[in-house]
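So the chains spell out like this:
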Amino acid sequence: MNSNRITKVLTGIFGGVFTVCFVFLFVNIIIIGFDGNVDRRFDSFSKMFILLIFAVLTVGICALYFHYTSDKSCKKIKAKSRFEFNDKNTKNVIFIGCGILLIVEIIFALLTDFEPVADLHNIKRYAMYFSTHGNFNLIEQDYANDYQYLVRYPNNMALLLIVSLVGRLNYLIFGHYVDFAPVVVNILAINISIMLTAFTAKRLFGNKKALFVLAFCALFLPYLTYLPYYYSDSMSMPFLIGAVYLIVSALRVDNRKSMYAKLCAAGALIFLGYKVKGSLIILFAVGLLLLFLKFRLKKAICLILVFTAGFGVIGFAYNTAVDTVNPITKQQYEKYEYPVTHWLMMGLKGLGKYDEHDDYYTRSFPSKKEKQDANIKVIKERIKDYKFSGLYEHMIEKAVWTWQDGTYYISYHNRKPKNDNILMDFLHIDGKYNKAFQNYSSALQLFILLMICISALKTLIKPKVDEMLLIKGVVFAAFLFFLLWETRSRYLFDMTPLFILLTVDGMDTAKAFLDSFRKPKQQTEKQA
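With 29 residues, helix 1 (residues 4-32) should cover 42 Å at 1.5 Å per step; its first-to-last C-alpha distance of 41 Å lies within 8% of that length. Looking at the residues trailing helix 1, positive phi occurs at Phe34, about 55 degrees.

Let us look at helix 5 (residues 118-133). The first and last C-alpha atoms of helix 5 sit 23 Å apart over 16 residues, in line with the 22 Å expected at 1.5 Å per residue. Of all the positions in helix 5, only Leu120, Asn122, Ile123, Lys124, Tyr126, Ala127, Tyr129, Phe130 and Ser131 are classed as buried. At its buried positions, helix 5 is contacted by helix 6 (137-144), helix 7 (149-152) and helix 8 (157-174). After helix 5 finishes, the residue Gly134 shows a positive phi value of roughly 75 degrees.

On to the nonpolar core, then. In terms of nonpolar packing, the biggest core is built from 153 residues, with Phe22, Trp403 and Phe447 touching the most fellow members. With residues near it in sequence (within four places) discarded, Trp403 still touches Phe22, Leu25, Ile29, Gln445, Leu449, Val475, Phe479, Leu492 and Phe499.

What follows covers the packing of helix 1 against helix 22 (residues 434-461). Here helix 1 crosses helix 22 at 155 degrees, and the two axes come no closer than 7 Å. Between helix 1 and helix 22, the interaxial angle falls into the category roughly antiparallel. Viewed along their axes, helix 1 and helix 22 form a crossing whose handedness is left-handed. Between helix 1 and helix 22, the contacting residues are Thr11, Gly12, Phe14, Gly15, Gly16, Phe18, Thr19, Phe22, Val23, Phe26, Ile29 and Ile30 on the first element and Leu446, Leu449, Leu450, Ile452, Cys453, Ala456, Leu457, Thr459 and Leu460 on the second. Its residues assigned to classes, the contact of helix 1 with helix 22 shows 15 nonpolar, six polar and no charged.

Conventions adopted
- Residues numbered from 1 in each chain as written.
- Predicted model: local features only at pLDDT ≥ 70, side-chain atom pairs only at ≥ 80, totals over all residues.
- Heavy atoms only, no water.
- Helix = DSSP H or I, 4+ residues; strand = E, 2+ residues; numbered from the N terminus.
- Expected span 1.5 Å × (residues − 1).
- Buried < 20%, exposed > 50% of the residue type's maximum accessible area, 1.4 Å probe, protein only.
- Contact = heavy atoms within 4.5 Å.
- Core = buried A, V, L, I, M, F, W, Y, C linked by side-chain atoms within 4.5 Å.
- Axes fitted to C-alpha atoms, helices over the stretch in contact; angles between N-to-C directions.
- Parallel < 35°, antiparallel > 145°, perpendicular 65-115°, else oblique.
- Left-handed = near helix turned anticlockwise from the far one by under 90°.
- Nonpolar A, V, L, I, M, F, W, Y, C, P; charged D, E, K, R; others polar.

See the structure below:
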């Protein structure tokens, strides 16, 4: 496409819609969020403490960032420590920092490990059986006993394969299933994601800000609290940020072969991430749109074909491989698998989270087609009952509940801790310090959302089709997606690297705005 005038208008419109939606979300979180009547993690004093901590964090983090990124600070660091923010030093610091963080992560995971519940409990059962027997016969046994978990939720097949192969490997080495083995894989997934986030920031913002991002990630509590929870939300994260890094790198190179290779690899990573976590398909769609907007039609088509080829080829290879080991037949899928309408139906009830009654309702119908028809009927009834005003209020409450939670729902998944220590007093939902953990995390989430609002405003004021538009497009698409889909804050966890990158962009925008007031003043003083 690359018609400057049209792309600028379209980008500006997107920036306006993005800004309005996230400012509206931010304001509504402050007004109706953190309600103890809706979520028992909060009490009557929660909002006051959260807003107070939010104010302190906003002033403190921004002041630190503004000072750290100033020219004077850079000169002082260079003079005192003889450290230069060149490419080699920055890469070394990122690698060393992630290495130190890896040790901290392993210790933290050992202290906060817990028994899996809900979906992850089933994944662990099947993985343990595969580890000791080398097959998935337990799935067939469950099916024979009228328990069809994996038939109903085949989206967890990729995660099951990862955990099962890890389990089988450690069984062959140690002679028994090691509970902590999949946790180690999850630690590596999160650690690699942090590293890739820092390197993406290096590409986008430069060396100095890349190290700030690394420090921010190291102090971002969800990257510690999620370590023992080896589910799709964290396991998919390196695929998402890895693909974003490759796309950003591809758009910044002049060599055509390198660009094609990176876009092809990005497409492949997105497919693998999509199989682990379905919502990653958003990145593929936004990536296609960005290529179409950024380049002239002929070049855009070539790049889109290369990007799609990477996605398609690895998709074909993956599906062929899975079909050889999958014990579930097409007939079983047609009978038991839930249609996408099931999650849209749940998304229209209450806060839009998982609902047991809706689950049993969909399960009661004998085929996928009948399930889908029944879901559509309920969807129509709920929309009709809501009317416009009711549907509008439902969407607001749903968005607030999803985006306000800076713990990303971890306190509902660590309910069976293996250790009793002070860390679990903070992290467990019934721990005596859990309110402090919840309040701090929610305040930090508010800060991140504020910076996303400022970053969105930048796109409205100065529309530009660049790499940041990709990140903003993915975050906005996720916002829209979870307005419709069954939701909870945990589903946003794999996108936290993008939130952090937008946070830096927001702080940069705020700093540039404040600097614009200083420059005229400095010029006036010089003239005098």
